[in-house]
Amino acid sequence: QEGQLEQISYDQFKEWSYGPEGPEEEPPVVQKDPFGNSNLVPQRFNNSEGFMHNTKVQHPCFTTTSHDIGLKKPQQVDM
């Protein structure tokens, strides 16, 4: 049977192409808005609980609204 090619099915090919580690995870679907922003968030922003939030003491003579906003710890919606 020399000279003849062996045929395999698509399922056999998929199994062979994975290798010994098995199938890889599906890559996430990337969607972009009209401005070019992606729906994928960097890993460091996935969990807001791990965000280090250091608040500073405001000087009593120089109060600002930026300080009031900066006092709030970011929530998951903000990430």
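Look up: the structure comes first, before these words.
About the thresholds
- Residues numbered from 1 in each chain as written.
- Predicted model: local features only at pLDDT ≥ 70, side-chain atom pairs only at ≥ 80, totals over all residues.
- Heavy atoms only, no water.
- Helix = DSSP H or I, 4+ residues; strand = E, 2+ residues; numbered from the N terminus.
- Rg over C-alpha atoms; globule rule 2.2 N^0.38 Å.
- Buried < 20%, exposed > 50% of the residue type's maximum accessible area, 1.4 Å probe, protein only.
- Contact = heavy atoms within 4.5 Å.
- Areas by Shrake-Rupley, 256 points an atom, 1.4 Å probe, with all protein chains shown as cover.
- Phe/Tyr/Trp six-rings, centres within 6.5 Å; stacked < 30°, edge-to-face > 60°.
- Patch = residues over 30% accessible without salt bridge, like charges linked within 9 Å, V, L, I, M, F, W, Y side chains within 5 Å.
- Salt bridge = Lys/Arg side-chain N within 4 Å of Asp/Glu carboxyl O.

Draft legend 1. Region of interest: the overall build of the protein chain. Counting its regular elements, the protein chain contains 2 helices and 0 strands. Computed over its C-alpha atoms, the radius of gyration of the protein chain comes to 26 Å, more than 25% above the 12 Å expected for a compact globule of 79 residues. Overall, the C-alpha framework of the protein chain stretches about 95 × 30 × 15 Å when taken along its three principal axes. Every one of the 79 residues in the protein chain was classed for burial, and the buried ones make up 5%. A sequence separation of at least 24 residues applies to 35% of the contacts in the protein chain between residues at least 6 apart. Summed over its atoms, the accessible surface of the protein chain is roughly 8200 Å², and 53% of this surface lies on carbon and sulfur atoms.

Draft legend 2. Structural context of the environment of Val41. Tracing the sequence through the fold places Val41 in the loop between helix H1 (10-18) and helix H2 (65-70). Residues Val41 and Ser9, 32 residues apart in the sequence, show an inter-C-alpha distance of 38 Å.

Draft legend 3. Structural detail: the packing of aromatic side chains. On inspection of all chains with the given rule, the structure shows 1 aromatic pair. Arranged with centres 5.7 Å apart and planes meeting at 35°, the rings of Phe13 and Trp16 form a pair that is tilted. Of this pair, Phe13 and Trp16 are both found in helix H1, 3 residues apart, which corresponds to roughly one turn of the helix. Take Phe13: its relative accessible area is 39%, and that puts it in the partly exposed class.

Draft legend 4. The arrangement of a nonpolar patch on the surface in detail. A contiguous nonpolar surface patch, about 520 Å² in accessible area, is contributed by Ile8, Tyr10, Phe13 and Trp16. Since its relative accessible area comes to 62%, Trp16 is described here as exposed.

Draft legend 5. Structural view of the environment of Ser38. You can see Ser38 is positioned in the loop between H1 and H2. Placed 32 residues apart in sequence, Ser38 and Glu6 show a C-alpha to C-alpha distance of 44 Å. In this structure, Ser38 is in contact with Val30, Gln31 and Lys32, ignoring residues within four places of it in sequence.

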